[in-house]
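# Observations on chain architecture
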Amino acid sequence: MKPGAGTRQRNNRTLERALHARLLRTLFPSGTGTPAAVRNLKQVAIFPHLGIAFNRLQKNGSSTVMSFLYFAEYGQHVSSLEAKGSAIHLDSLGTRGILALGRRKRIAIVRDPFSRTLSAFLQKFRSPRFQSRFGSFDLSPEGFSAFLEFLSAGGLRANSHWSPQTDRLLLAPHQYHLLVPFSEFPNKFLDTVEQWTPGLRQKFADFSQNDIQGPQQTEAGKRVGAFYNKTDLARVEELYCQDLEVPEILSEAEKIRAQMRISDGR
């Protein structure tokens, strides 16, 4: 009996993903690190005229970067959601997109796990939908501690807003031309991309004059001292140990830790 059309399509997709995985591993070897993850092709937005491939990571300022790169590429001011929906993503380009990835400037924004996890908590658990799905956590230091217990008990990868950043990187960290520390955006980002495409700094100034809709800000970087205790610091370090192996993320984490004043109590 011949397989049906649905079965053939699934088989073709499986073969295609296997081909893409082999191609990524060949073109972008990981060394001793995590190999390229074909599932993350959808995380990479391509801006052909700028020559940039941007790896989106939730809770890392990706909304602003997507809106700006879309503006720089197409000359249109759109919300981050529209930019994400309208931009070209690598998973839609197939084999030719992966082959062309070697000619793109590969960028991601990385963040310390302390403020990133707190930001995800403060933003997402305002939503009754998140409370219903993942648990009811009070938006307080005690509620945050309970949330971290939930992550330790198996919830770490339940949602991409708080899952490890390295889970969402398409390639090993050393395969990126620029990993921008969250605390150094936009200056380090603009200093570098201006060298690749002169005029982008002025475009960013033009872009910044418009009110671009994006996720509500949580100011988590300024609130870490009020929410963390020693136990929670150690728990986050353990949960995100793979992220902390990335030098740019570790550097960000050390900056945040230096800002905290953690007593023997809270």
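Residues numbered from 1 in each chain as written. Predicted model: local features only at pLDDT ≥ 70, side-chain atom pairs only at ≥ 80, totals over all residues. Heavy atoms only, no water.

Ranked by size, the top nonpolar core spans 51 residues in total, and within it Leu24, Leu118, Phe121, Phe147, Trp162, Leu170 and Tyr228 carry the most contacts. Counting residues per element, this core draws most heavily on helix H5 (residues 113-124), at five residues. Ignoring sequence-local partners within four residues, the contact set of Phe147 consists of Thr117, Phe121, Phe125, Phe137 and Trp162. Judged by nonpolar contacts, the second largest core, of 25 residues, contains Leu50, Phe54, Ile107 and Phe189. (Core = buried A, V, L, I, M, F, W, Y, C linked by side-chain atoms within 4.5 Å. Buried < 20%, exposed > 50% of the residue type's maximum accessible area, 1.4 Å probe, protein only. Helix = DSSP H or I, 4+ residues; strand = E, 2+ residues; numbered from the N terminus. Contact = heavy atoms within 4.5 Å.)

Along the chain, His49 falls in the loop between strand E1 (44-47) and strand E2 (52-55). C-alpha separation for the pair His49 and Thr197, spaced 148 residues apart in sequence, amounts to 9.6 Å.

A word on the sheet that holds E1. Read across the open sheet, the five strands follow the order E3-E1-E2-E4-E5; overall the sheet is mixed. Edge positions in the sheet fall to strand E3 (88-89) and strand E5 (178-181), since each has one partner strand and no second. The sheet strands contacting helix H8 (residues 187-196) are E2, strand E4 (105-110) and E5, and the helix crosses E5 at an angle near 155°. (Pairing = 2+ DSSP bridges. Axes fitted to C-alpha atoms, helices over the stretch in contact; angles between N-to-C directions.)

In this section: the packing of aromatic side chains. Considering all chains together, one arrives at 28 aromatic pairs under this definition. Aromatic side chains Tyr70 and Tyr74 sit 4.6 Å apart centroid to centroid with 45° between the ring planes, which places their arrangement in the tilted category. Highlighted residues: Tyr70 and Tyr74, both in helix H2 (residues 62-74), separated by four residues, approximately one helical turn. Note on Phe134 and Trp162: the rings are 5.1 Å apart at their centroids and 80° apart in plane angle, and the pair reads as edge-to-face. Here Phe134, found in helix H6 (residues 128-134), pairs with Trp162, found in the loop between helix H7 (141-155) and E5; they are 28 residues apart in sequence, far enough to count as distant. Grouping aromatic residues by their ring pairs yields a cluster made of Phe114, Phe121, Phe125, Phe130, Phe134, Phe137, Phe144, Phe147, Phe150, Trp162, Phe227 and Tyr228. Above the face of the Phe182 ring, Arg111 is positioned so that its terminal group lies 4.0 Å from the ring centre. (Phe/Tyr/Trp six-rings, centres within 6.5 Å; stacked < 30°, edge-to-face > 60°. Lys NZ or Arg CZ within 6 Å of the ring centre and 35° of its normal.)

A few words on unusual backbone geometry. In the segment running from Phe185 into Pro186, the intervening peptide bond is cis, with an omega of 10°. If you trace the backbone, Pro186 turns up in the loop between E5 and H8. Positive phi values are uncommon outside glycine, yet Lys59 reaches one of about 70°. Secondary-structure assignment places Lys59 in the loop between E2 and H2.

A separate point is the confidence of the model for the chain. Of the residues in the chain, 91% reach a pLDDT of 70 or more, and the chain-wide mean stands at 90. Per-element confidence in the chain ranges from a low mean pLDDT of 83 for helix H1 (residues 5-27) to a high of 98 for E2. (pLDDT = per-residue confidence, 0-100.)

Let us now look at the pattern of salt bridges. Once their charged atoms are close, side chains differing in charge can pair, the charge on each being opposite to the other. One pass over the structure, following the stated rule, counts six salt bridges. Taking the shortest distance from any N to any O, the salt bridge between Arg157 and Asp167 comes out at 2.6 Å. Of this pair, Arg157 sits in the loop between H7 and E5 while Asp167 sits in the loop between H7 and E5, placing them ten residues apart in sequence. Glu237 serves as the salt-bridge partner of Arg257, at 2.3 Å between the closest nitrogen and oxygen. Within this pair, whereas Arg257 is found in helix H12 (residues 247-259), its partner Glu237 is found in helix H11 (residues 230-239), the two being separated by 20 residues in sequence. Assessed through its relative accessible area of 39%, Arg257 is described here as partly exposed. What you see here is one network of salt bridges that share partners, running through Glu184, Glu252 and Lys255. (Salt bridge = Lys/Arg side-chain N within 4 Å of Asp/Glu carboxyl O.)

Within H8, burial applies to Phe189, Leu190, Thr192 and Val193. Buried residues belonging to H8 abut E2, H2, E4, E5 and helix H9 (200-208).

With that settled, consider the side chain of Glu252. Mapped onto the elements, Glu252 comes out in helix H12. Those residues in contact with Glu252, other than ones at most four positions away along the chain, are Val110, Arg111, Asp112, Pro181, Phe182 and Ser183.

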